[in-house]
Amino acid sequence: LLDLANKPYRPKAILDLKKQIEVETRIAELKAQSTGVVEQETIRKIVGMKLELDRLYIDWMEGKIQ
């Protein structure tokens, strides 16, 4: 796992999901700035994507994705 973490390469599925998380987080931040409220559904969505990202990292570690 540490060997993989030290390499700059990441599978496309991981990179794509990380980008999607960044976009959703930024949208949530902008909405919160304008409304003063963070929607619970948005939080659930972002947390779900982060859990999926953890699963993808495990799949990568186990050689299920390249």
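Further remarks concern the environment of Glu29. Relative to the helices and strands, Glu29 resides in helix 2 (residues 12-35). Looking at Glu29, the relative accessible area reads 40%, which means it is partly exposed. Glu29 sits 21 residues away from Lys50 along the chain, and the two C-alpha atoms are 16 Å apart.

Model confidence for the protein chain is summarised by a mean pLDDT of 94, while 98% of its residues fall at 70 or above. Confidence scores differ between elements of the protein chain, with helix 1 (residues 2-6) showing the lowest mean pLDDT of 80 and helix 2 the highest of 97.

Moving on: the environment of Arg26. One can find Arg26 in helix 2. When the C-alpha atoms of Arg26 and Gly63 are compared, they prove to be 31 Å apart, with 37 residues separating the residues in sequence.

Our focus in this paragraph is the nonpolar core. One finds Leu4, Ile14, Leu17, Ile21, Ala28, Ile46, Met49, Leu53, Leu56 and Trp60 forming the largest nonpolar core, which totals ten residues. Those elements giving two or more residues to this core turn out to be helix 2 and helix 3 (40-61). Looking at which element gives the most residues to this core, the answer is helix 3, with five residues. Setting aside residues no more than four positions away along its own chain, Ile46 makes contact with Ile21, Glu24, Thr25 and Ala28.

Time to look at the pattern of salt bridges. Tallying each qualifying case throughout the model produces seven salt bridges. The closest approach of N and O atoms between Lys45 and Glu24, which form a salt bridge, is 3.3 Å. Of the two residues, Lys45 is situated in helix 3 and Glu24 in helix 2; the sequence distance between them amounts to 21 residues. On the basis of relative accessibility, which here comes to 17%, the residue Glu24 falls in the buried class. The salt bridge partner of Lys64 is Glu62, with a shortest N-O separation of 3.1 Å. Overall, the relative accessible area of 59% leaves Lys64 in the exposed class. A relative accessible area of 47% means that Glu62 is categorised as partly exposed. Through salt bridges with shared partners, one network takes in Glu52, Arg55 and Asp59.

Basis of the calculations
- Residues numbered from 1 in each chain as written.
- Predicted model: local features only at pLDDT ≥ 70, side-chain atom pairs only at ≥ 80, totals over all residues.
- Heavy atoms only, no water.
- Helix = DSSP H or I, 4+ residues; strand = E, 2+ residues; numbered from the N terminus.
- Buried < 20%, exposed > 50% of the residue type's maximum accessible area, 1.4 Å probe, protein only.
- pLDDT = per-residue confidence, 0-100.
- Core = buried A, V, L, I, M, F, W, Y, C linked by side-chain atoms within 4.5 Å.
- Contact = heavy atoms within 4.5 Å.
- Salt bridge = Lys/Arg side-chain N within 4 Å of Asp/Glu carboxyl O.

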